[in-house]
Amino acid sequence: MSEDIHTTGPAPDPARHTHDRERRQARLVLAGRAESAEDLAMLIDALGLDPREDPGPSERRR
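Here the structure is a predicted model, which means the values were calculated and not measured.

How each quantity is defined
- Residues numbered from 1 in each chain as written.
- Predicted model: local features only at pLDDT ≥ 70, side-chain atom pairs only at ≥ 80, totals over all residues.
- Heavy atoms only, no water.
- Helix = DSSP H or I, 4+ residues; strand = E, 2+ residues; numbered from the N terminus.
- Buried < 20%, exposed > 50% of the residue type's maximum accessible area, 1.4 Å probe, protein only.
- Areas by Shrake-Rupley, 256 points an atom, 1.4 Å probe, with all protein chains shown as cover.
- Contact = heavy atoms within 4.5 Å.
- Salt bridge = Lys/Arg side-chain N within 4 Å of Asp/Glu carboxyl O.
- Polar contact = N/O pair within 3.5 Å; in protein donor to acceptor, adjacent residues only side chain to side chain.

Draft legend 1. Quick look at the overall build of the protein. What the protein contains, in helices and strands, is three helices and zero strands. The linear arrangement of helices and strands in the protein, starting from the amino end, is α-α-α. Across the 62 residues that make up the protein, the buried fraction comes to 16%. Within the structure as shown, the protein displays about 5,300 Å² of accessible surface, and the carbon and sulfur contribution to it stands at 54%.

Draft legend 2. Region of interest: the side chain of arginine 27. Among the secondary structure elements, arginine 27 is positioned in helix α1 (residues 13–33). Leave out the neighbours within four places in its chain, and arginine 27 touches Ile44, Leu49, Asp50, Pro51 and Asp54.

Draft legend 3. View of the pattern of salt bridges. One pass over the full model with this rule turns up one salt bridge. When the shortest N-O distance is used, the salt bridge between aspartate 50 and arginine 52 registers 2.6 Å. Judged by relative accessible area, aspartate 50 falls into the buried class, the value being 17%.

Draft legend 4. The arrangement of the environment of proline 55 in detail. Within the secondary structure, proline 55 is located in the loop between α2 (37–46) and α3 (57–61). In the structure, proline 55 is positioned 35 residues away from aspartate 20 in sequence and 8.2 Å away in space, judged by C-alpha atoms.

Draft legend 5. Highlighting the environment of leucine 49. With respect to the helices, strands and loops of the structure, leucine 49 is situated in the loop between α2 and α3. Note on leucine 49: relative accessible area 11%, which makes it buried. Leucine 49 sits 26 residues away from arginine 23 along the chain, and the two C-alpha atoms are 6.4 Å apart. Discounting residues that sit within four places of it in the chain, leucine 49 has contacts with Arg23, Ala26, Arg27, Leu30 and Ile44.

Draft legend 6. Geometry of the side chain of aspartate 50. You can see aspartate 50 is positioned in the loop between α2 and α3. Polar contacts involving the side chain of aspartate 50 include one to the side chain of arginine 52, which spans 2.6 Å. Filtering out sequence-adjacent residues up to four positions away, aspartate 50 remains in contact with Arg23, Arg27 and Ile44.

Okay, here's the thing in structure tokens:
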């Protein structure tokens, strides 16, 4: 994504669902490659992939 592109509001539903799917896929890949639970937690935190930050079902519908 270009640094010159700015958005003003929530992503359209198809883009948001793609983003959610990509976040879940990234966590699965990390889980398969991490050497320990501590490594996995560190990677998820460092990459901002904490599942608690994912939008809930009611937030996805907006």
